[in-house]
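If you want the building blocks of each chain, they are given just below.
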Amino acid sequence: MNNGEERRLNGEAEEDDDEDEGNGRGLEAWERTYADERSWESLQEDESGRLRPIDNKALYHAQYRRRLRTASATRIQKGLIRYLFVVIDLSKAAAEMDFRPSRRAVVAKHVEVFIREFFDQNPLSQIGLVTIKDGVTNCLTDLGGSPESHVKALMGKLECSGESSIQNALDLVHGYLNQIPSYGHREVLILYSALSTCDPGDIMETIQTCKKSKIRCSVIGLSAEIFICKHLCQETGGSYSVALDESHFKELILEHAPPPPAIAEFAIANLIKMGFPQRAAESSIAICSCHKEAKAGGGYTCPRCKARVCELPTECRTCGLTLISSPHLARSYHHLFPIVPFDEVSLSLLNDLYRKLPRACFGCQQTLLGAGNKPCPRVSCPKCKQHFCLDCDIYIHESLHNCPGCESARHSKPVAATEE
Amino acid sequence: MAPAPSKLYADDVSLLMVLLDTNPLFWTSSYLPFSNFLSHVLSFLNSILLLNQLNQVVVIATGYNHCDYVFDSSLATNQGSENGRMPALCYDLLQKLEEFLVKDEQLHKEGSEKGLASSLLSGSLSMALCCILFYDLDICTASLCLIFRRFFDQGHSIHNPGYVAIMNSIFSAQRSMVPIDSCYIGSNNSAFLQQASYITGGVYLKPQQLDGLFQYLSTVFATDLHSRTFLQLPKSVGVDFRASCFCHKKTIDMGYICSVCLSIFCKHHKKCSTCGSVFGQAQSDNESASNLKR
Ligand SMILES: [Zn+2]
Ligand SMILES: [Zn+2]
Ligand SMILES: [Zn+2]
Ligand SMILES: [Zn+2]
Ligand SMILES: [Zn+2]
Ligand SMILES: [Zn+2]
């Protein structure tokens, strides 16, 4: 079971794609032409001065090791409950096409990715979307905990026109964030395309009110650095950055998904009372309290007042209890039991001992032997000593959060007492 | 929690990762002997490979002490054996499975642990998800099929070591949009498998008539994800989303949650036993103030 090539599902389709593997994958047609335009960027010189395509795999892996190091260096409280407003600038500057196809489209695309990532990392947190258009701010979605409703609103028609106003946006957001419970962290993330702000009053005052209400404001600019944005972020403890290109923008926005270390100090630990409703059978019919209509199919029943709600997480309309499901909380437990970084197997060891070392990755069974039966770079788990390929290493630490080797061996697991 | 967003399936080529429960302690006491069970499963695997020549099947055995790949249709030797009386699939799989079971028993003897414990579902799930990573999900649709005999379950608490690992796998599958189908052979429903299927958008099934296991498997799990949208598949009979408190491991439907680490407690404590946070009383004053403002 160690011939990697044979495992490929569809040989022919694979061959066509081989060239743009890694950078052409999952791209739209227009993006691919864009990628082709900059084909020189994917070349590097080797020792003898010849041009070679960049070894993406090694590059990705190096990037990932760096992320892993910074993540383990700054261990912060992860279960923080954040209330974040994402403010999207839809002034006419957002229609500019220096980002392809336009700044607006690029922002919408990456905000969607950001929303999913945000809820993965902050399960009990809430997001609201606000847009600025014609100098007026508009609440696209209220604060809510379900990614789907935000994404749906984003996919709707977003048109750009007029000026932009930071003050109006801050005023609106301040009004909403002042109502949230005190254990929550108040944050605003402004994605700003314009180079100016057209305000009805004194913006400095607004910045001070935000500071007083402990609202952390961050800005990601899409054009150039602006003083007022920098001032806003400095005053409120947020971060200010300007994106150079699309991939840089994606990197910058995803940096806001994990809770920033600074806000941990604002946190007041508290116990929050919550209910865990059960999901009813798909065939049941009940009147829900959120839409006030009879609905067939699964819903959730509030354990305190037995009212029916359609979606979790939510607040019971009748008794005010916060309702969530236990898997929702479990999403963040991997932070409590982080998986150790794997060790890189040194090249000298590989060359000396490669006959004795495992030939296939423990996770995916792909061969760990490269061209000419030379061993490929690999990593090993310090606990179970199994070897993994670099792709699995990244997947295991960034998405799965389990070591397949450790999980598939029984070691002092307590004996179960009862059958369920 | 909303179920996984469904992807549009253009093609009906499927990659099926089958996780088999081979925990010998469960099968001995069964009214469905393991050999009968295997013949049902083998027919099922064969029928999937016959449905579309591009379909692929990978089987991972989940034992008491370890997990391993026992079959991969892309690597099948295709020679059959013993005068061609047995098709390649059965021969390969049975041979590997036998090796697997022998090794599992050896490991069992080495470890001196007594008593029944659940199979290593978290291990085989993790392996399967790593393996799926290497298939191009644009040209085929992957699904995980769990066939489990019985499941021991200490409740949904982080003190149950399997719990966090299994939930991690489920969320990772959800992110990759890989549905987890589960066929559970046992007397009560398994909350774990119900949640796994619900969260990832798969089907959970507890067959009533074990003699007709093949029928269940082939009508429910053999259908590719594209065709499922046209079918009336078994509907869920409700999912248990209750939690267990970290202090007494009781199943509760209402409780307190630490706002820092999200630990669950059944009653009010002064200090969080997981992360050590002290819960201030000043909090409640602020709270009422903000409530008044509303
Ligand atoms: Zn409703
Ligand atoms: Zn209620
Ligand atoms: Zn691997
Ligand atoms: Zn390990
Ligand atoms: Zn308790
Ligand atoms: Zn805590």
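Residues numbered from 1 in each chain as written. Chains lettered and ligands numbered in written order. Predicted model: local features only at pLDDT ≥ 70, side-chain atom pairs only at ≥ 80, totals over all residues. Heavy atoms only, no water.

S.K.: Explain the overall build of chain B to me, and be specific about the residues and the numbers.
M.R.: Scanning chain B for helices and strands turns up 9 helices and 10 strands. Each of the 294 residues in chain B was classed as buried or not, and the buried ones make up 58%. With the model as given, the accessible surface of chain B reaches about 12300 Å², and the carbon-plus-sulfur share is 52%. (Helix = DSSP H or I, 4+ residues; strand = E, 2+ residues; numbered from the N terminus. Buried < 20%, exposed > 50% of the residue type's maximum accessible area, 1.4 Å probe, protein only. Areas by Shrake-Rupley, 256 points an atom, 1.4 Å probe, with all protein chains shown as cover.)

S.K.: Run through the sheet that holds strand 5 (residues 180–184) of chain B, naming residues and quoting values.
M.R.: All names here are of chain B. One open sheet holds the 6 strands; their spatial order is 3-2-1-4-5-6, and the pairing between them is mixed. On the outer flanks of this sheet lie strand 3 (67–72) and strand 6 (204–205), each paired with one strand and no other. Lying over the sheet, helix 7 (residues 213–221) contacts strand 1 (14–21), strand 4 (141–148), strand 5 and strand 6, oriented at roughly 165° with respect to strand 5. (Pairing = 2+ DSSP bridges. Contact = heavy atoms within 4.5 Å. Axes fitted to C-alpha atoms, helices over the stretch in contact; angles between N-to-C directions.)

S.K.: Give me the coordination of the zinc ion (ligand 2): which residues, what numbers.
M.R.: All names here are of chain A. With distances of 2.2 to 2.3 Å, the protein atoms coordinating the zinc ion (ligand 2) are Cys 302 (SG), Cys 305 (SG), Cys 316 (SG) and Cys 319 (SG). Coordination at the zinc ion (ligand 2) is tetrahedral: its 4 donor atoms span angles of 100 to 117° at the metal. With a relative accessible area of 28%, Cys 305 lands in the partly exposed category. (Donors = N, O, S within 2.8 Å, 3.2 Å for Na, K, Ca; no water. Tetrahedral: all angles 85-135°; square planar, octahedral: opposite > 155°, others 65-115°.)

S.K.: So what's going on with the pairing of strand 5 of chain B? Which residues, and what values?
M.R.: Residues and elements named next belong to chain B. Counting buried residues along strand 5, 5 of its 5 residues qualify, which places the element largely inside the surrounding structure. Here strand 4 pairs with strand 5 via 5 bridges, running parallel. Looking at the pairing, Leu 146 lines up with Ser 182 of strand 5. For the crossover that starts at strand 5, traverses helix 6 (residues 191–200) and ends in the parallel strand 6, the hand is right-handed. (Right-handed = clockwise from strand over helix to strand, strands pointing away.)

S.K.: Report on the UniProt feature "domain: C2H2-type" (unreviewed entry) in chain A, specifying residues and quantitative values.
M.R.: When the UniProt feature table is mapped onto this chain numbering, "domain: C2H2-type" (unreviewed entry) sits at residues 381–401 of chain A. Regarding residues 381–401 of chain A, the helix share stands at 52% and the strand share at 10%, and the terminal C-alpha atoms are separated by 13 Å. (UniProt positions renumbered as here; feature names shortened; annotations may be inferred.)

S.K.: Account for the nonpolar core, with residues named and values stated.
M.R.: By size, the foremost hydrophobic cluster in this structure holds 122 residues, and its most contacted members are Phe 388 of chain A together with Leu 144 of chain B. Top element by residues in this core is helix 4 (residues 121–132) of chain B. It accounts for 8 residues. The contact partners of Phe 388 of chain A, leaving out residues within four places of it in the chain, are Phe 342, Cys 361, Phe 362, Gly 363, Leu 368, Arg 378, Val 379, Cys 381, Ile 396, Cys 403, Pro 404 and Gly 405 of chain A. Formed by 36 residues, the second largest nonpolar core is a distinct cluster that contains Leu 16, Leu 32, Phe 44 and Val 57 of chain B. (Core = buried A, V, L, I, M, F, W, Y, C linked by side-chain atoms within 4.5 Å.)

S.K.: An account of the packing of aromatic side chains is needed here, citing residue identities and associated values.
M.R.: The full count for this structure, using the stated rule, is 9 aromatic pairs over all chains. Measuring from centroid to centroid gives 5.7 Å for Tyr 198 of chain B and Phe 241 of chain B, while their planes differ by 65°, and the two rings are edge-to-face. Residue Tyr 198 of chain B is found in helix 6, and its partner Phe 241 of chain B is found in the loop between helix 8 (225–228) and strand 7 (243–244); the two are separated by 43 residues along the sequence. Phe 241 of chain B shares its class with Tyr 198 of chain B; the two are buried. Pairwise contacts between aromatic rings join Phe 114, Phe 118 and Phe 119 of chain A into one cluster. (Phe/Tyr/Trp six-rings, centres within 6.5 Å; stacked < 30°, edge-to-face > 60°.)

S.K.: Let's hear about the packing of helix 7 (residues 166–177) of chain A against helix 8 (residues 203–212) of chain A: which residues, and what values?
M.R.: Residues and elements named next belong to chain A. Two numbers describe how helix 7 lies on helix 8: the axes approach to 10 Å, and their chain directions differ by 30°. On the basis of the axis angle, helix 7 is roughly parallel to helix 8. Our pair here, helix 7 against helix 8, has a crossing hand that is left-handed. Every residue of helix 8 that contacts helix 7 at Ile 166, Gln 167, Leu 170, Asp 171 and His 174 is listed here: Ile 203, Thr 206, Ile 207, Thr 209 and Cys 210. (Parallel < 35°, antiparallel > 145°, perpendicular 65-115°, else oblique. Left-handed = near helix turned anticlockwise from the far one by under 90°.)

S.K.: Outline unusual backbone geometry, listing residues and values.
M.R.: Residues and elements named next belong to chain A. Residue Pro 101 is reached from Arg 100 by a cis peptide bond, and omega for that bond is -10°. Within the fold, Pro 101 resides in the loop between strand 3 (82–89) and helix 5 (103–121). At Lys 306, a residue that is not glycine, the phi angle is positive and equals roughly 65°. Structurally, Lys 306 is set in the loop between strand 12 (300–301) and strand 13 (308–309). Classification of Lys 306 by relative accessible area gives exposed; the value is 56%.

S.K.: Go over the packing of helix 13 (residues 390–400) of chain A against helix 4 of chain B, please, and point to the residues and values.
M.R.: Their axes nearest at 10 Å, the elements helix 13 of chain A and helix 4 of chain B cross at an angle of 120°. In terms of axis orientation, helix 13 of chain A runs oblique to helix 4 of chain B. Relative to helix 4 of chain B, helix 13 of chain A is oriented so that their crossing is right-handed. Of the residues in helix 4 of chain B, those touching helix 13 of chain A at Cys 392, Tyr 395, Ile 396 and Leu 400 of chain A are Ser 126, Leu 129 and Cys 130 of chain B. Its residues assigned to classes, the contact of helix 13 of chain A with helix 4 of chain B comprises 6 nonpolar, 1 polar and no charged. (Nonpolar A, V, L, I, M, F, W, Y, C, P; charged D, E, K, R; others polar.)

S.K.: Could you give an account of the coordination of the zinc ion (ligand 3), with specific residues and numbers?
M.R.: All names here are of chain A. Taken together, the protein ligands of the zinc ion (ligand 3) are Cys 361 (SG), Cys 364 (SG), Cys 389 (SG) and Cys 392 (SG), with distances of 2.2 to 2.3 Å. One way to put it: the 4 donor atoms around the zinc ion (ligand 3) meet at angles of 105 to 117°, and that makes the site tetrahedral. In the primary sequence, the donor residues of the zinc ion (ligand 3) line up as C-x2-C-x24-C-x2-C. Note that Cys 364 is positioned in the loop between helix 12 (347–353) and strand 17 (379–380) and Cys 389 in the loop between strand 18 (387–388) and helix 13, a separation of 25 residues in sequence.

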